[in-house]
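# Fold and geometry: a report
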Amino acid sequence: MTDSGRRTDRRLERAILELLERRGPTATICPSDAARAVYEGDGDGWRALMEPARRAARRLVTAGEVEITQGGRPVRPEEARGPIRIRRVG
């Protein structure tokens, strides 16, 4: 992975944690929220950051910082299929 890729990964992880910090303790965010927060251009270029944002969420699950949910229930990252939400571990 390039230095730029690692920087983007760290920025996505920080964005996820910061977005969740600004919301209520049980609030969730979509990976697209983090992708949009990190993307520095105009238009829909943030979409290219969607999979990196999902990977960042999975790393934060491994670190015990967040959980991934589907249908309001926690799911293991490797079992998540389709749209996910991210929330703080509580």
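Quick look at the structure, then. Computed from a prediction, not measured in an experiment: that's the story for all the values here.

With that settled, consider the packing of helix α2 (residues 31-38) against helix α3 (residues 50-62). Their axes nearest at 8 Å, the elements α2 and α3 cross at an angle of 115 degrees. When the axes of α2 and α3 are compared, the crossing they make is right-handed. Across the interface between the two elements, Pro31, Ser32 and Ala35 of α2 pack against Met50, Ala53 and Arg54 of α3. In terms of residue class, the contact of α2 with α3 is built from four nonpolar, one polar and one charged.

Pairing within the open sheet is antiparallel, and its four strands lie in the order β1-β4-β2-β3. For this open sheet the edge positions go to β1 (28-29) and β3 (73-75), each flanked by a neighbour on one side alone. With three bridges connecting them, strand β2 (residues 66-70) and β3 associate as antiparallel partners. Along β3, the bridge assignment pairs threonine 69 with proline 74. Across the sheet, helix α1 (residues 3-21) lies against β1, β2 and β4 (85-88), angled at about 65 degrees from β4, the strand it touches most.

It is a general feature of regular strands that their side chains alternate between the two faces of the sheet. As defined by bridge partners, β1 adjoins β4 across two bridges and the pair is classed as antiparallel. The residue of β4 that forms the bridge with isoleucine 29 is isoleucine 86. Bridge count between β2 and β4: four bridges; the pairing is antiparallel. The residue bridging isoleucine 68 from the neighbouring strand is isoleucine 86, located in β4.

Conventions we followed
Residues numbered from 1 in each chain as written. Predicted model: local features only at pLDDT ≥ 70, side-chain atom pairs only at ≥ 80, totals over all residues. Heavy atoms only, no water. Axes fitted to C-alpha atoms, helices over the stretch in contact; angles between N-to-C directions. Helix = DSSP H or I, 4+ residues; strand = E, 2+ residues; numbered from the N terminus. Left-handed = near helix turned anticlockwise from the far one by under 90°. Contact = heavy atoms within 4.5 Å. Nonpolar A, V, L, I, M, F, W, Y, C, P; charged D, E, K, R; others polar. Pairing = 2+ DSSP bridges.

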